Amino acid sequence: MPPGTTTLAADTPTLSAANTGFMLVCSALVMLMTPALAFFYGGMVRVKSTLNMLMMSFISLGIVTVLWVLYGFSVAFGDDIGSVAGWASDYAGLSGIGLNQLWDGSTIPVYVFAVFQLMFAVITPALISGALADRVKFTSWALFITLWASVVYFPVAHWVWGSGGWLHERGVIDFAGGTAVHIDAGAAALGVILVIGRRAGFGKDPMRPHSLPLVMLGAGLLWFGWFGFNAGSWLGNDDGVGAVMFVNTQVAGAAAMLAWLGYEKLRHGSFTTLGAASGAVAGLVAITPSGGAVSPLGAIAVGAVAGVLCAMAVGLKYRFGYDDSLDVVGVHLVGGVVGSLLVGLFATGGVQSHAKGLFYGGGLEQLGKQAAGVFSVLVYSLVVSAALAFLLDRTIGMRVDGDDETSGIDRAEHAETAYDFSGAGGGTAPRTTAPATASATAPRGTASGAAAAPQQTRKVDA
């Protein structure tokens, strides 16, 4: 994602109504991805954790939006300070930006660029939440988001996309967020779960998705929103680069879904809906950094590699004993690493830049740059996120108590349940006993648990 597209010295950019309108639509599409993520994650947890999972995504819309206006945009895209962060007083509070002031080198207003980037900042910490299902205090999660966005996401966004950011200046290609979003969030998820530990019953009790239709709905909406996420990251389409990215987004998502399902059939004997949804997301993650550098045939390769490797990676949590509840590490961290590194192999030099990968005669230079970006963001996010989780755990506590985790975090943290089955009856069949409402008879947080039988669980290499 360029901070601004490069223009010839003699050109003076003027506001483009077409590009501005396009970018506002793309911003709305990326905003939709956070509720879509909530549905995707919400369907994968057990009934007693559904609302908490939804809220862990939704709260990011509130917290990160306010932080972005106050100082986040300035830190990420302000004037460079030491190649690690930015600051511009006009961007703080969005108070000194002219109505028709254009983002540097582009044909869209600064306000439009700011709101587009805001939606990236919102969804990135929400991605982390899937690894922490069932066991984190909501207050602690909200405070973690505040701290994490401030000291991890905003600076890393400057490294990768900000003018003067050290990875940007080094030539690392990240079209729309493989490092700054997916590796950043995936590494953070791993850091936090290593601190807070496993769910009660992990590896012993069945923890199946309670609603696969909800998962598929979320995945479909994510795929839809991803076109704004990716194609919009060129800030317009005057030169056709955004159109290529749009095509590659669709192609990689499709290829990864097929590859995941093929691996699943060979390894476990069946094609699952959860595998289809997860495979599509893995491909979309992988093409996010690479889609502006590869051809559609390259996008097929990126998607297929990501589909297989991410399908394999989700089983590592059982082998190594870390409890990544909804496979954030296996899909987003691994998918982000795969997509970022494959730029160094499949970049054609004919789309967003002249940089070529190994398979197109570019040697190992770009692969080395990509590896530096992957490693630096992964290590920084992992270490700082673990430190933040440790700090919160030792002060206000990160986890709910054992009884609340067992009975249900929805009741404990939100005083609600996702489904009310108290009115569900047997049609015209006569009643032989007095009906009892779920809230009167069920243990705390499990009112709807027995009524919503789990349908499917992800098959993994345990």
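Higher on the page you've got the structure.
Residues numbered from 1 in each chain as written. Predicted model: local features only at pLDDT ≥ 70, side-chain atom pairs only at ≥ 80, totals over all residues. Heavy atoms only, no water.

Enquirer: Describe helix α13 (residues 365-395), with residues and values.
Expert: In this model, α13 (31 residues) spans 46 Å end to end at C-alpha, consistent with the 45 Å of a helix rising 1.5 Å per residue. Among all positions in α13, only Q366, Q370, G373, V374, S376, V377, S381, V384, S385, L388, A389 and L392 are buried. At its buried positions, α13 is contacted by α4 (138-161), α5 (166-170), α6 (178-196) and α12 (328-346). Once α13 finishes, G397 follows within two positions and takes phi at roughly 85°, a positive value. (Helix = DSSP H or I, 4+ residues; strand = E, 2+ residues; numbered from the N terminus. Expected span 1.5 Å × (residues − 1). Buried < 20%, exposed > 50% of the residue type's maximum accessible area, 1.4 Å probe, protein only. Contact = heavy atoms within 4.5 Å.)

Enquirer: Now, about the nonpolar core: what can you tell me, with residues and values included?
Expert: Counting residues in hydrophobic clusters, the biggest one holds 114 residues, and the most contacted among them are F73 and L132. For this core, the leading source of residues is α4, giving 15 residues. Once residues within four sequence positions are removed from consideration, L132 is found in contact with M56, W141, V192, I193, I196 and S325. (Core = buried A, V, L, I, M, F, W, Y, C linked by side-chain atoms within 4.5 Å.)

Enquirer: So what's going on with the packing of α4 against α13? Which residues, and what values?
Expert: It is at 10 Å that the axes of α4 and α13 come closest, and there the two elements cross at 155°. Put simply, α4 runs roughly antiparallel to α13. Between α4 and α13 the crossing geometry is right-handed. Counted together, S140, L143, F144, L147, W148, V151, V152, V156 and W159 of α4 and S376, V377, Y380, S381, V384, S385, L388, A389 and L392 of α13 form the full contact between these two elements. (Axes fitted to C-alpha atoms, helices over the stretch in contact; angles between N-to-C directions. Parallel < 35°, antiparallel > 145°, perpendicular 65-115°, else oblique. Left-handed = near helix turned anticlockwise from the far one by under 90°.)

Enquirer: If you had to explain the side chain of S325 to someone new, which residues and values would you point to?
Expert: Structurally, the position occupied by S325 is in the loop between α11 (316-320) and α12. The buried category is assigned to S325, whose relative accessible area is 8%. A polar contact of 3.2 Å, which involves the side chain of S325, links it to the backbone oxygen of A131. There is a polar contact of 3.4 Å between the side chain of S325 and the backbone nitrogen of A133. In this structure, S325 is in contact with G130, A131, L132, A133, R135, R199 and K317, ignoring residues within four places of it in sequence. (Polar contact = N/O pair within 3.5 Å; in protein donor to acceptor, adjacent residues only side chain to side chain.)

Enquirer: So what's going on with a nonpolar patch on the surface? Residues and values would help.
Expert: Together, L358, F359, Y360 and L364 make up an exposed nonpolar region whose accessible area comes to about 400 Å². Inspection of the secondary structure assignment puts F359 in the loop between α12 and α13. We classify F359 as exposed; its relative accessible area is 53%. (Patch = residues over 30% accessible without salt bridge, like charges linked within 9 Å, V, L, I, M, F, W, Y side chains within 5 Å. Areas by Shrake-Rupley, 256 points an atom, 1.4 Å probe, with all protein chains shown as cover. Salt bridge = Lys/Arg side-chain N within 4 Å of Asp/Glu carboxyl O.)

Enquirer: Pulling in residues and values, what's your account of the side chain of T107?
Expert: Secondary-structure assignment places T107 in the loop between β2 (85-87) and α3 (110-128). Within the local environment of T107, its side chain forms a polar contact with the side chain of N19, the two groups lying 2.8 Å apart. Non-local contacts of T107, meaning those with residues more than four positions away in its chain, are made with P13, T14, L15, S16, N19, T20, L102 and D238.

Enquirer: So what about the pattern of salt bridges? Which residues, and what values?
Expert: If you walk through the whole model with that rule in mind, you get 7 salt bridges. Of the charged contacts, one joins R46 and D134 as a salt bridge, the two residues approaching to 3.0 Å between their closest N and O atoms. Note that R46 is positioned in the loop between α1 (17-44) and α2 (50-77) and D134 in the loop between α3 and α4, a separation of 88 residues in sequence. For R46, a relative accessible area of 18% translates into the label buried. Between E365 and K369 there is a salt bridge, with the nearest N and O atoms lying 3.5 Å from each other. Of the two residues, E365 and K369 are both situated in helix α13; the distance of 4 residues between them amounts to about one turn of the helix. Bridged by salt links that share partners, the residues R46, D134, R135, R199 and D323 form one connected network.

Purely geometric numbers; function is a separate question.
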